[in-house]
Each structure stands twice: as structure tokens, then as C-alpha cells.
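Remarks on the overall topology
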Amino acid sequence: MIDVTKEGGVWTVTINRPDKANSLTKTMLEELGQIAQDAAGDARVLLLTGAGKVFSAGADLDEARAGLATDNVWERLSGAIAAAPCLTIAALNGTLAGGAFGMALACDLRIAVPEAKFFYPVMKLGFLPQPSDPARMEALIGPARTKMILMAGQKVSADEAVQWGLIDRVVPADDLMRAALELAEHARGQTAQHVARMKAMMG
């Protein structure tokens, strides 16, 4: 359910469970975290996307009811992505919801299709967001808009998200992967060490 292709220094990781809106099981989350760790020293670019019309609906419902919604595996995954010493790009092929937000927030760049929606309904569900997500979101869009999403439960459109700074660019679905690879082009032509050194300069 997690597909990985490696080509010219670009690791493309695809969440491939479209029949379940790419909802994530603990096994899938652990696999994604391991891929992010393995990318260190090899990948120059780590590109995350999804199959179908949804990037990810968050936790698998059955596993969420069994405790996955509050498991620290989400935090370990976002931490691994944030720590990856390469350029990380989220190519959001559709809606991003719930705990899956952490993956995108931890990336360096985020692009999305016009149809994408962004929401994180933790207040409604009675959960807390993963520990690092509010700070990462606030760094992108400020405290009030972070509260709009996390506390007021607002669903944000792609147009609004790019205006806020939650995502960096809106791209037609047919052009999404081409646009992501264009963003990867300069980094993929360098050594992993050079990419890591430059990324370390930016905090």
C-alpha cells in the first residue's frame, strides 16, 4: 500500500490505497517513517503523493477506533520527514485530512490540485493534534488561521490554502507530478551531501 520508486536521486513515495481514501494504518505509517529515514545520505529529493483523488483521509477508521488516532507513530513519521536531509515535497493529489496533515506540514514544499480540501477535525472528534503539528502549521499560516483549522474545524479550499501560505502552489491534476519534478530538478542534479548542507543552512 506504499509504493516507492527511485530515479536519479528522487524517491517518489505513493500512498496507494485509493479504495479507502488512502487512509493510513499503523503498518503504513511505520513504513513511511522508515522510508524517510532510509532516504538520508542517498535521496536528494523525497516526494510524497497519493493514488487516486485523495492524498489521505488520515487514520484508517478501524485502527483509529482501536487507538491509532492517538498513537505516537504519527509524530515519529513527521519527525523523520522533517529530519530528512534532502528536499522534501508533498504533491497533494487531493484532500488532506486529519493526522495525515503532519506529513505535509513536515515537508519543505507543498503543492496541490485545485480540488484539494484541507481539514483537521481533532476538536470535533475530541482528540489533540499531534504535538508538532500546531507549531509547524502556525509557522506557515500564523496563530489565528491555525486555530481556524484546529479549533474551529474549518475546511480550507486549495485557493484559500495558497493565499494563507499553507501550500505553495496550486497545479492542475494532470500537471501535478510534472510540476513536482520540476521543483526537484536542481536538487536531483547535486550530491546528497550538497543538498543536506544547503538545507541545514535554512533551519
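First, a word on what this report is: a plain description of the structure on this page. (Residues numbered from 1 in each chain as written. Predicted model: local features only at pLDDT ≥ 70, side-chain atom pairs only at ≥ 80, totals over all residues. Heavy atoms only, no water.)

This part takes up unusual backbone geometry. Note: most peptide bonds trans; most residues except glycine with negative phi. Phi angles above zero are rare outside glycine, and Ala-21 is one such case at about 55 degrees. When you line up the elements, Ala-21 lands in the loop between strand 2 (10-15) and helix 1 (26-38). The partly exposed category is assigned to Ala-21, whose relative accessible area is 27%. Positive phi, close to 55 degrees, is recorded for Asn-22, a residue that is not glycine. If you trace the backbone, Asn-22 turns up in the loop between strand 2 and helix 1. When its relative accessible area of 0% is taken as the criterion, Asn-22 is described as buried. (Helix = DSSP H or I, 4+ residues; strand = E, 2+ residues; numbered from the N terminus. Buried < 20%, exposed > 50% of the residue type's maximum accessible area, 1.4 Å probe, protein only.)

What follows covers the packing of helix 1 against helix 3 (residues 73-83). Put simply, helix 1 and helix 3 touch, their axes get as near as 8 Å, and they point 20 degrees apart. In terms of orientation, helix 1 lies roughly parallel with respect to helix 3. The hand of the helix 1/helix 3 crossing is left-handed. Each of Lys-26, Leu-29, Glu-30, Leu-32, Gly-33, Ala-36 and Gln-37 in helix 1 lies in contact with helix 3, whose residues at this interface are Val-73, Trp-74, Arg-76, Leu-77, Ala-80 and Ile-81. (Axes fitted to C-alpha atoms, helices over the stretch in contact; angles between N-to-C directions. Parallel < 35°, antiparallel > 145°, perpendicular 65-115°, else oblique. Left-handed = near helix turned anticlockwise from the far one by under 90°. Contact = heavy atoms within 4.5 Å.)

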